[in-house]
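Observations on chain architecture
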Amino acid sequence: MNETILLARRAVREVWRLPAATLPALFIPVFFLVVNIGQVNKIFPSSTPFLHGQHYVAFQIPVSLVFAVSSATSGLAMVTDIDIGYLDKMLAAPIQRTALVWGRLAADLVRGVVVAILVLAVGFAFGARVKSGVPGVVLLIVLAALWGVAYAGIAIAIALKSKNVQTTNASFLIFFPLLFLTPNFVPLELLAPPLRVVARINPVSYVIQGLRDLVLYPTIHWGSLGACVLTIALTGTVLTWLSLRALNTFTD
Amino acid sequence: MTDETVLAIDARGLVKTFKGSRGQPDVPAVAGIDLSVERGEVFGFLGPNGAGKTTTVRMLCTLLPITAGTATVAGVDVQAHPGHVRRLIGVALQEVGLDPTQTGRELLELQCGLYRVPNPKLRAEELLGLVGLSEAADRTIKGYSGGMKRRLDLATALVHEPSVLFLDEPTTGLDPASRITIWDEVRRINAAGTTVFLTTQYLEEADQLCDRLAIIDGGQIVSSGTPDALKAELGSDAVTIGLDASDRDNARHALGSLNGLDHITESEDGLAVYVDDGASVVAPIVQLLAAAQIHPNMISLARPTLDDVFLAATGRRIEGQSTETNAEVGE
């Protein structure tokens, strides 16, 4: 545990000192949010039933949150550690090797919280409100950050397997379709039937839906929240397992 | 691990074979080497690029699985107890393993924490002073020079006062002044009781630092011993004679009757004549050549170097000079 905290502190310092590695990942979702609002606001005014009296920006905020925290930053940092020989130094140290992954994920949690707060602030500036109040805001931030942690495993696993920056960066290609094969612009029931089928089996849909219900409804919808938490937990378990497995076989 | 009779490093039949990719044959990087490194010595592993030095170090440091053979470091089996071995060794690999976004102090304190050193801040401060980086301690490593990075890397390998220190080409790419600083550090570390296993492709480095060394080429140890013993094994002084290419065959023939001649090899500038006592044969060489109407443009006398040892063991110069055309005459 001590090792994980030490490595997480190092990773957080790295994030802080290399804003260029995080800011673009934040810029793109915020840019999408602003552009989408500009284009769709008039089509979906606040009187649109699925907006429940909210601005369209409120409907889009969960998408931007998920978009912003789903980054390959930790994977890219891992490739850098491999390239500069720092990972070798860590692997030669008498530590639990899993701490190398847990440390990165802990830093992802911190980064996720900060990024989620910034995205929410932008949403608030554009008129969005979280109907479920302060508990909803806290849940939005925590769940978004946890999704970021869950998702980070894929880039870390690819980094350890490929040892290559370009391949690791391309892990984003896995996420990009998943983000858009969801009810991201309109609710699930308004999607065309084939897309609706895909969206139903896409785990990202359940994360977006859980977060969206926190924004749109004054009371917590335990069903969608539970599905969101379960999706994050399952995704996190699978992808973290993949990254730990990649680390264990790294020197083979 | 205080048993003084236990070897610092003991490897038997160590093999590393890398799987060939996409139908290519497997690549034997280390082909069954034996190593016995005594406690407290500086042991050199000398060889050209691709000889198998780094692969050997990585196996001994638990960073690469061993294909076949056995190895113990500080008496602990590398394959059976890698975690235990990691507590006993310090490692500074060829690639300087430093995070450029951290300061020197942060990196050392982190390293102390990972090795559970009791007072990380104090130990980091101590090590920074030791490697002359106190003033740069709070600057990010990104701005350090190559020599500073090497010294810091060395410090990170020392946080827990390891029993055995592995240094993989510690001075490659450094300027001469930085190289001498690292040498001084290695001597100081060794004087404090740490066994040092050092790989290098620099002959002078091996000569300057190592109590004993092994020469590795093509994944096999081709010679080993103290630098002096290895040179003495050649048993000859080398008299280098600068000659035009057209005179070389005649000169070799003319010198065949030289007293105390061991052997003659062709060198880049002419001939290298190996004799028992170089000082006593310079005059006879000049006379024999003059009698054969050959006029050398240079004659120099030198004791055998490790490069000569390497040449004798492998048929090649370590710096990659081709000696395929070398022909030997004499006894």
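Residues numbered from 1 in each chain as written. Chains lettered and ligands numbered in written order. Predicted model: local features only at pLDDT ≥ 70, side-chain atom pairs only at ≥ 80, totals over all residues. Heavy atoms only, no water.

1. Points about the overall build of chain B
Along the backbone of chain B there are eleven helices and 15 strands. In terms of its C-alpha atoms, chain B occupies a principal-axis envelope of roughly 75 × 45 × 45 Å. Classification of the 331 residues of chain B by burial places 52% in the buried group. Taking contacts inside chain B between residues at least 6 apart in sequence as the whole, the part at least 24 apart equals 67%. Accessible surface, chain B: about 14400 Å² in total, of which carbon and sulfur atoms supply 48%. Side chains of chain B carry 28 positive and 46 negative charges; the gap between the two charge centres is 10 Å. (Helix = DSSP H or I, 4+ residues; strand = E, 2+ residues; numbered from the N terminus. Buried < 20%, exposed > 50% of the residue type's maximum accessible area, 1.4 Å probe, protein only. Contact = heavy atoms within 4.5 Å. Areas by Shrake-Rupley, 256 points an atom, 1.4 Å probe, with all protein chains shown as cover. Lys, Arg positive; Asp, Glu negative; His and termini not counted. Charge placed at Lys NZ, Arg CZ, Asp CG, Glu CD.)

2. Quick look at the interface of chain B and chain A
Contacts between chain B and chain A engage 30 residues on the former and 24 residues on the latter. Taking both partners together, chain B and chain A bury about 2400 Å²; carbon and sulfur atoms supply 56% of that area. Among the residues of chain B in contact with chain A, R86, L110 and L114 of chain B are the three that bury the most area, contributing 25% of the side total. Our count for the chain B to chain A interface comes out at six salt bridges. Where D153 of chain B meets K89 of chain A, a salt bridge forms, and the shortest distance between an N and an O atom there is 2.9 Å. The interface formed by chain B and chain A contains twelve residue pairs in polar contact (both at pLDDT 80 or more). Looking at the side of chain B that touches chain A, the elements that each hand over two or more residues are α2 (82-88), α3 (104-114) and α5 (146-156) of chain B. For the side of chain B that touches chain A, the leading source of residues is α3 of chain B, giving six residues. Looking at side-chain class alone, the side of chain B that touches chain A contains twelve nonpolar, ten polar and eight charged residues. (Buried area = accessible area lost by both parts, 1.4 Å probe. Salt bridge = Lys/Arg side-chain N within 4 Å of Asp/Glu carboxyl O. Polar contact = N/O pair within 3.5 Å; in protein donor to acceptor, adjacent residues only side chain to side chain. Nonpolar A, V, L, I, M, F, W, Y, C, P; charged D, E, K, R; others polar.)

3. Thoughts on the sheet that holds strand β10 (residues 220-225) of chain B
All names here are of chain B. One open sheet accounts for six strands, arranged β6-β7-β8-β3-β9-β10; its pairing is mixed. In this open sheet, the two edge strands, each paired with only one partner strand, are β6 (89-92) and β10. Each strand of the sheet is rotated relative to its neighbour by a mean of 15 degrees, with strand direction disregarded. When strand β3 (residues 42-46) meets strand β9 (residues 212-217), the two strands line up parallel, connected through four bridges. Paired with F43 across the strands is R212, a residue of β9. Contacting β3, β7 (164-168), β8 (195-200) and β9, helix α1 (residues 53-60) runs over the sheet at an angle of about 150 degrees to β8. (Pairing = 2+ DSSP bridges. Axes fitted to C-alpha atoms, helices over the stretch in contact; angles between N-to-C directions.)

4. A closer look at the packing of α3 of chain B against α5 of chain B
All names here are of chain B. The N-to-C vectors of α3 and α5 enclose an angle of 20 degrees; their axes lie 10 Å apart at closest approach. What the angle tells us is that α3 and α5 run roughly parallel. The handedness of the crossing between α3 and α5 is right-handed. Between α3 and α5, the contacting residues are G104, L107, L108 and Q111 on the first element and L152, A155 and T156 on the second. Here the residues of the contact of α3 with α5 sort into four nonpolar, three polar and no charged. (Parallel < 35°, antiparallel > 145°, perpendicular 65-115°, else oblique. Left-handed = near helix turned anticlockwise from the far one by under 90°.)

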